[in-house]
Amino acid sequence: MPASVIVWDIETVPDLRGFAAANALMGRPDDEVRAEMGEKFPKLIYHSIVCIGALVAQRQDECWAVTAVGAPHIGERSEKEIISAFVNRIADLTPQLVTFNGVAFDLPVLRYRAMVCGVAAPGLAARPYFNRYSEDAIDLCDVLSSFSSQNKPSLHELCRVMGLPGKTEGISGADVERYCREGRIAEVAAYCETDVVNTYRVWLRYELFRGRLTENGLRASEANLRDYIRSRSDAKPHLASVLVEEQKRALEPDARTGVQSESDGEIFIPDTPGV
C-alpha cells in the first residue's frame, strides 16, 4: 500500500507555435495558425500546459491526510518551471499517481511537454507510471469502466451519481482556451483544483471498494479533507464552495427514499445500505 499519493490534472491550450513549426506556418499570425488547426481536438503533441493541479495525501494509520492542494499556472511562472516543480515532487515522494483520463491524456502530454521544454524527469522513471495496467498510476476513468471506451463516464457524471458535488458551474474544459486568451488563468487553475478534489474523493470510494479503506477510514479521510479546505477557505474560496454545494445536496430529499439527509453542516457520506 502506498505511503503517499498525488492526485493530479492538467489544463492545456493549443500549442500554436509548435503547430506552426510542424506545418510550415512560422511567421503567420496566431489567429491564422489557430484556424489552420481546425476545431477538432488537437493531437497530444499540440497541447501546451497552462497549469498542473495536484493534491498530495499521506497515509496515516487507517485514513488519508491531505498535505497540499495547488495548481501552479502560467500566470505565475513559465510552463517549464511548472513541469519541473511537479516532476521533482514526484521524484521526492515516488507516490502512487491518480488521474481521471490521465493515461490517455495527462501523462503523455506531460511527457511531450517535458521533452519540448527540455525538462529532466527521472522521477517519472522511478516507477512504471506509463504502464497502463500497473498500480503505480491509476486512471480511474479507465479502471472503473474496465478499459471500455463505450462505458467511460465523465468525472462530473460519476461524482453526481455517487452523491458528490461534481464540477462547479461557470467553466468547463471547453472554456479553458477562451479563459486563457482573456487572461483569466487564475480561474482556470481554480477549476483545475476543484477537479483534483473531485478525483480524490472518487479515489477514496474506490479504495473503500477494494478494502484498502474501512468505512471509518473513509469518513476520517473525508473529515480531514473538509478540515483542510475550511482552514484555507480564505485563500481558496472555490474549494469552500464544494462544501456549500454538498450541504445543499445533503439537505435535499433522497429521490430513492424520500428521506432528507442529515449532515449537520459536514460533508455527507452516506451509510452503506443494509442488505
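See the structure printed just above.
Note that the structure is a prediction, hence the values are computed from the model and not measured.

(A) Just the packing of aromatic side chains, in detail. Counted by the stated rule, this structure contains seven aromatic pairs. Taken together through their ring pairs, the aromatic side chains of Trp-64, Tyr-200 and Trp-203 make up a single cluster. A cation over an aromatic ring shows up here: Arg-184 above the ring of Tyr-179, its NZ or CZ 4.0 Å from the ring centre. The ring of Tyr-228 carries Arg-232 above its face, with NZ or CZ at 3.8 Å from the centroid.

(B) Region of the structure containing the nonpolar core. Leu-55, Trp-64, Leu-140, Tyr-200 and Trp-203 are the most contacted members of the largest nonpolar core, which totals 29 residues. Looking at this core, the elements with two or more residues in it are β1 (4–14), β2 (47–60), β3 (63–70), α5 (140–144), α6 (155–161), α8 (185–209) and α9 (215–231). Ranked by residue count, the leading element in this core is α8, at seven residues. Setting aside chain neighbours within four positions, we find Trp-203 in contact with Val-5, Trp-64, Gln-96, Val-98, Ile-138 and Leu-140. In this structure, Ile-49, Val-87, Val-119 and Tyr-129 belong to the second largest nonpolar core, which totals 23 residues.

(C) Spatial organisation of the packing of α8 against α9. Packing of α8 against α9 brings their axes to within 9 Å, and their N-to-C directions diverge by 165 degrees. Considering the angle they form, α8 stands roughly antiparallel to α9. Viewed along their axes, α8 and α9 form a crossing whose handedness is right-handed. Together, Val-197, Tyr-200, Arg-201, Leu-204, Arg-205 and Leu-208 of α8 and Glu-215, Leu-218, Ser-221, Glu-222, Leu-225 and Ile-229 of α9 make up the contact between the two elements. Each residue belonging to the contact of α8 with α9 can be placed in one class, and the counts come to seven nonpolar, one polar and four charged.

(D) Structural context of a nonpolar patch on the surface. Taken together, the side chains of Ile-45, Tyr-112 and Val-116 make up a nonpolar region of the molecular surface, amounting to roughly 240 Å² of accessible area. Checked against the element boundaries, Ile-45 lands in the loop between α2 (30–37) and β2. According to the relative accessible area criterion, Ile-45 is partly exposed, its value standing at 33%.

(E) Examining helix α3 (residues 79–93) more closely. The first and last C-alpha atoms of α3 sit 22 Å apart over 15 residues, in line with the 21 Å expected at 1.5 Å per residue. The set of residues buried in α3 consists of Glu-79, Ile-82, Ile-83, Phe-86, Val-87 and Ile-90. Taken down its axis, α3 places every buried residue within 115 degrees of arc, on the same side. Where α3 is buried, its residues contact β1, β2, β4 (96–99) and α4 (102–117). Just downstream of α3 lies Thr-94, where phi reads positive at about 40 degrees.

(F) The arrangement of the pattern of salt bridges in detail. Applying the stated rule across the entire model yields 18 salt bridges. Two residues, Asp-142 and Lys-152, come together in a salt bridge whose shortest N-O distance is 2.9 Å. Separated by 10 residues along the polypeptide, Asp-142 in helix α5 and Lys-152 in the loop between α5 and α6 bring together distant segments of the chain. Look at Asp-142 and you get buried, because its relative accessible area is 3%. Through salt bridges that share partners, Asp-175, Arg-178, Glu-182, Arg-184 and Glu-187 make up one connected network.

(G) A look at the environment of Phe-100. Inspection of the secondary structure assignment puts Phe-100 in the loop between β4 and α4. As a C-alpha pair, Phe-100 and Asp-139 span 39 residues in sequence and 5.3 Å in three-dimensional space. The contact partners of Phe-100, leaving out residues within four places of it in the chain, are Asp-106, Asp-139, Leu-140, Cys-141, Pro-153, Ser-154, Leu-155, Leu-158 and Thr-199.

Rules and cut-offs
- Residues numbered from 1 in each chain as written.
- Predicted model: local features only at pLDDT ≥ 70, side-chain atom pairs only at ≥ 80, totals over all residues.
- Heavy atoms only, no water.
- Phe/Tyr/Trp six-rings, centres within 6.5 Å; stacked < 30°, edge-to-face > 60°.
- Lys NZ or Arg CZ within 6 Å of the ring centre and 35° of its normal.
- Core = buried A, V, L, I, M, F, W, Y, C linked by side-chain atoms within 4.5 Å.
- Buried < 20%, exposed > 50% of the residue type's maximum accessible area, 1.4 Å probe, protein only.
- Helix = DSSP H or I, 4+ residues; strand = E, 2+ residues; numbered from the N terminus.
- Contact = heavy atoms within 4.5 Å.
- Axes fitted to C-alpha atoms, helices over the stretch in contact; angles between N-to-C directions.
- Parallel < 35°, antiparallel > 145°, perpendicular 65-115°, else oblique.
- Left-handed = near helix turned anticlockwise from the far one by under 90°.
- Nonpolar A, V, L, I, M, F, W, Y, C, P; charged D, E, K, R; others polar.
- Patch = residues over 30% accessible without salt bridge, like charges linked within 9 Å, V, L, I, M, F, W, Y side chains within 5 Å.
- Areas by Shrake-Rupley, 256 points an atom, 1.4 Å probe, with all protein chains shown as cover.
- Salt bridge = Lys/Arg side-chain N within 4 Å of Asp/Glu carboxyl O.
- Expected span 1.5 Å × (residues − 1).
- Arc of directions from axis to C-beta.

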